[in-house]
Amino acid sequence: MQNILVIRELVKNYGSFLALDGFTCDIPKGVTGLLGPNGAGKTTFIRSLLGILPFESGSIEFLGYKLPKDILAVKDKIGYQPEVDTKILKVSAMKYVTHMATMAGLSRNAAKQRAFDTLHYVGLEEARYRDMNDFSQGMMQKVKLATALVHDPALLILDEPTAGCDPDAHEQILNLISDLGSNHGKNILIATHLLPDVERTASSVVIMNKGKTVIQGELRSILQKKDKIINLQIRVNGGDINKFAKLLQENNFEVTNVTETISFNIEREDDEKYLSIFKIARNNGMNIRMMTAYQQSLEDVFLDEIAKNQMEN
Amino acid sequence: MTEDQKNSSSTDYLQKFTYRSYDGELQPRWKRVLYLIRFELISTWRKSKFAKVLIIIVLMFSFFSILFAAMLPLLGDVVIRDVLNESIANYLALPLTNSIFSNSNGISYSLGLGLGILLIMVIGLAGSGFFADDKRGKVIEIYLSRLVKREYVTGKVGAIVIYINILVLLPLIITGMLFVQSLGEDHADYLDFYFGIIAYSLLISIILGLFILVLSILVEKRAYASLIFFLFFFFGTIIGAMIYEGDPNNELLLLISPSNFLLLLAYVCLGDYDLGVRNNEEYIMVELNLDNGVGLEYWHVFLVTIIYILILSLILAYKIWKTTTEEL
Amino acid sequence: MSKNSNIFDVLAKLDHVTKSFGEVVAVSEASFSVEKGKITGFLGPNGAGKTTSIKMILGLTRPEKGRVTLFGKDPFYNSSLKHFLGYIPEIECFPKWMKARDYFFWLGRFQLTREEAFRRADEVLKEIGLEDVANKRIQKFSKGMKQRMKIGQALIHKPALIIGDEPFNGLDPVVRRNMIDLFKDYTRKYNSTFFISSHILFEMEKFSEKVILMYKGRTIAQGSPIHIREMIEDQPHSIQITVKDSKKFSTLLINNADEEVVSQIKFQKDIRSNENQLVVLTNEPREFYRLVTDLACDHEIPIIEIKATDEGLENLYKSLTIG
């Protein structure tokens, strides 16, 4: 997979505090989650990439451009959605996005048209002439997203894009991110603490801690347990759950837990075993209403890796 | 398909309503700075109702200069240039003690009302938010994700300099031309007069502009910046007057009062080195010559101007280049 | 401690409560109860009526219709009840110039003796992980640290009921997990009850023993997440089946069911594993499950996975509110 960002040994100090300690990673095309505890260096990295803060040593390569010498070209190709709410007094959403479009290099007419387009795309068509200072969190996030999109950059950096949103806005923004990533070829880097958002939209992740990369790679491979044995959870209709648990045990299944669901172990590729479970149910007048593997969530992996990383240091 | 159908199908299309990409050209970078200047000028006009009121008052009073212009030919035996110079110089001055006059005859030739205090307030109110509002609204980061620091600063400085020039240069040039016109003189003879006005206005806009911008970037709220700006001018003038009165023989002390400094700068730009200062103890006008090799000289004024500009620029540059993560 | 000796099973309750502000009806015939010793999640979008409901429990405003009780009494007229409450607000609430330990100490002094206040201040600082910055000004803290301070101040006096308004806002996953564990500790050690209002549905379902869903002023569901799931599983919903030969299985389904049992079939692939999947919409879930088991057994088709697609509170919420 091609990489749009290649970072090598990035070092950044704030006085005596080492924010980036030889940070090295590859960001591939598509949607990538940038994760890490507070203070891990995510914001510092983003600011170095945008040229807002200089870095001491290391290299950043973006679409063939090298920082810091090509910073002007790089800025024009990145759209940034900051975590904080951006407010300008007495300015409507439309004016704000238009103005920021001109700051990114569009002519005034092009800026107006693009602002109109992107505000519609994010779903703010009615509110776009209202004063931004009255907006709800969901609307604010959409304005910020529109601002990041308005100059059609190759890379979008979204910092907590759904923070503070009510469920509807949250859903809409995630859909927009998925749409931009899958259907419009945008590369997106999402920095967030809401890991299910990343599970839903991203294809790769980078986990950072204390200025270094802890683990990076395709989401699929990071989440998949490599073990041969997986843990299934099951619920049945038409009979008592404890009875079914006993039946499973009698058939040599390793039952690990029984509460409202039964947990038991099974070999991954053993189709016959899967089928036999259904047969056991049917033979006893029951049917299966749920059977699913316990999925390791991104949060579990994240906490594991961070804990491991803390112990190593 | 018929011939008609084939032709029409070549222009037909179906495009879903979704995100569109942008293939247009990007503007040269200096144009972005211009857009920023434009935006700042428009929003600063919008932001303060009080400033709008003050500007209207200033404009109203400026019309009185038309009256004064008509009065000029009636003044009789006076040095015309002195009258003109003093009127121009007093535009931004505080009508307080130790004002500096264009000659030492003991008569004040200033035509026009002392609007200085109002305009200082307007400038303070207008410029105080340039950085303070951006810091509060947390938009500096977004700006810097698209512009480099020097472009961002240039935009702000450009905007305030243009703003102040509009408030200073326009009225002064118009007033100056009205005066010359009503005197029946030839404008060509007064080109150095006009040039002096332009130079004064530019230097004023840079000094006052940089000062309010430095205040704007140092404080948290725009109200603090405009307040400090105004108080500095007001109390600085009073204290400066008191210090000078303590030792009237030391002409250099005149530079301390901001109002007097602006007056001196005006006279120097207009080329009038033959001035007078009121000595309050003895109630007489004392001669103040800026070109007699003694005491305050004209080049002192320029030197101090340059030093002010350098110091303010350095402070501004330092604050911008060293913005901490919090401030962003 | 004597404060907790007045034991009610239901610590706070809304009983057919209606509250409006002028023309805007914020809460409309809402009923729910907060039970002792549990962590209860309070979910719903902005404008659902959560904040108003919490304000009524805190005694800051009264209902127009219905009854609100806190520890069995009317909270509006019994402000002494607030001694037993802890509140984690959404907005910042500190005098910024104060140091962390001092802040906790002085808050504690409202109800505790000097020695107790000292002890609790240090204890809570340790519990929220801020013992290293006990002597630093709160003003200098990061967003996450300030959030933890907000949590800490609600716990100082070990109240019987802690009401939290988005308490995990801005916390990274590690700290969030620690705070959740802390809450669970408090329920075990001090029998505390937590009533947490949040947007973050996935987090709530993991540690809440009970959730209350609110939407447009009405309470639409109450119960443990799994129980709520089960209650709607008898209603029409979609089911996802992972099976290698999806074509064959889908044909079998179509041939053996009417449009009520199988009303829609969608073909897809799992985004992670790329396995074949069917998503079936059914109006008769019980019939459908029976059919699946029968067909799998009769035709020797191994089914790798079967589950309702609206897992999780997010989807549950969507299904209860939209259409």
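As the structure is a prediction and not an experimental result, all values here were calculated from the model. (Residues numbered from 1 in each chain as written. Chains lettered and ligands numbered in written order. Predicted model: local features only at pLDDT ≥ 70, side-chain atom pairs only at ≥ 80, totals over all residues.)

> Is there a simple way to think about the overall build of chain B in this case?
Check the secondary structure of chain B and you find 13 helices and three strands. Counting only residues that meet the buried cut, chain B has 41% of its 328 residues in that class. Partitioning the contacts of chain B with sequence separation of at least 6, the portion at a separation of at least 24 is 76%. (Helix = DSSP H or I, 4+ residues; strand = E, 2+ residues; numbered from the N terminus. Buried ≥ 20, exposed ≤ 12 C-beta atoms within 10 Å, placed from the backbone. Contact = placed C-beta atoms within 7 Å.)

> Before we go on, may I ask you to explain unusual backbone geometry in this structure?
What is expected of a backbone is that most residues other than glycine have negative phi and most peptide bonds are trans. At the junction of A:Leu67 and A:Pro68, the peptide bond is cis and its omega measures out at 0° in the coordinates. The residue A:Pro68 is located in the loop between β5 (65-67) and α2 (71-76) in this model. Residues other than glycine seldom take positive phi values, yet A:Glu9 does so here, at roughly 50°. Topologically, A:Glu9 is positioned in strand β1 (residues 3-14). Non-glycine residue C:Glu300 carries a positive phi angle of around 55°. According to the C-beta neighbour criterion, C:Glu300 is exposed, with 11 such atoms within 10 Å.

> How do you make sense of the sheet that holds strand β2 (residues 24-35) of chain C when you look at a structure like this?
Residues and elements named next belong to chain C. Taken in spatial order, the three strands line up as β2-β1-β4 in an open sheet, and their pairing is antiparallel. Two strands in the sheet have a free side with no partner beyond their single neighbour: β2 and β4 (65-70). Here the strands of the sheet are splayed against their neighbours by 20° on average, with no regard to which way each runs. The pairing of strand β1 (residues 10-21) with β4 spans five bridges and is classified as antiparallel. The partner of alanine 12 across the bridge, within β4, is leucine 70. On the sheet, helix α1 (residues 50-57) packs against β1, β2 and β4 and is oriented at approximately 120° with respect to β1. (Pairing = 2+ DSSP bridges. Axes fitted to C-alpha atoms, helices over the stretch in contact; angles between N-to-C directions.)

> Just to check I follow, could you spell out the interface of chain C and chain A for this structure?
Frequently, the measure chosen for interface size is the accessible area that the parts lose on association. At the interface, 30 residues of chain C touch 33 residues of chain A. Those elements that provide at least two residues to the side of chain C that touches chain A are α5 (173-190), α6 (201-207), α9 (285-298) and β13 (303-308) of chain C. Per-class residue counts for the side of chain C that touches chain A are 16 nonpolar, five polar and nine charged. (Nonpolar A, V, L, I, M, F, W, Y, C, P; charged D, E, K, R; others polar.)

> Help me understand the interface of chain B and chain A, please; the structure alone is not making it clear to me.
Taken together, the 26 residues of chain B in the interface contact 31 residues of chain A. Per element, the largest residue contribution to the side of chain B that touches chain A is seven residues, and it comes from helix α2 (residues 29-47) of chain B. Classifying every residue of the side of chain B that touches chain A by side-chain character gives twelve nonpolar, six polar and eight charged.

> What is the right way to read the sheet that holds strand β2 (residues 17-28) of chain A from this model?
Hydrogen bonding along the main chain pairs the strands of a sheet, whether they run parallel or antiparallel. All names here are of chain A. Taken together, four strands build an open sheet; the order of strands is β2-β1-β4-β5 and the sheet is antiparallel. Two strands lie at the open edges of the sheet, namely β2 and β5, each paired on one side alone. Strand-to-strand twist of the sheet, defined as the mean angle between neighbouring strand axes without regard to direction, takes the value 20°. Both β1 and β2 contribute to a ladder of nine bridges, which runs antiparallel. Bridging across to β2, lysine 12 finds its partner in leucine 20.

Geometry only, nothing functional implied.
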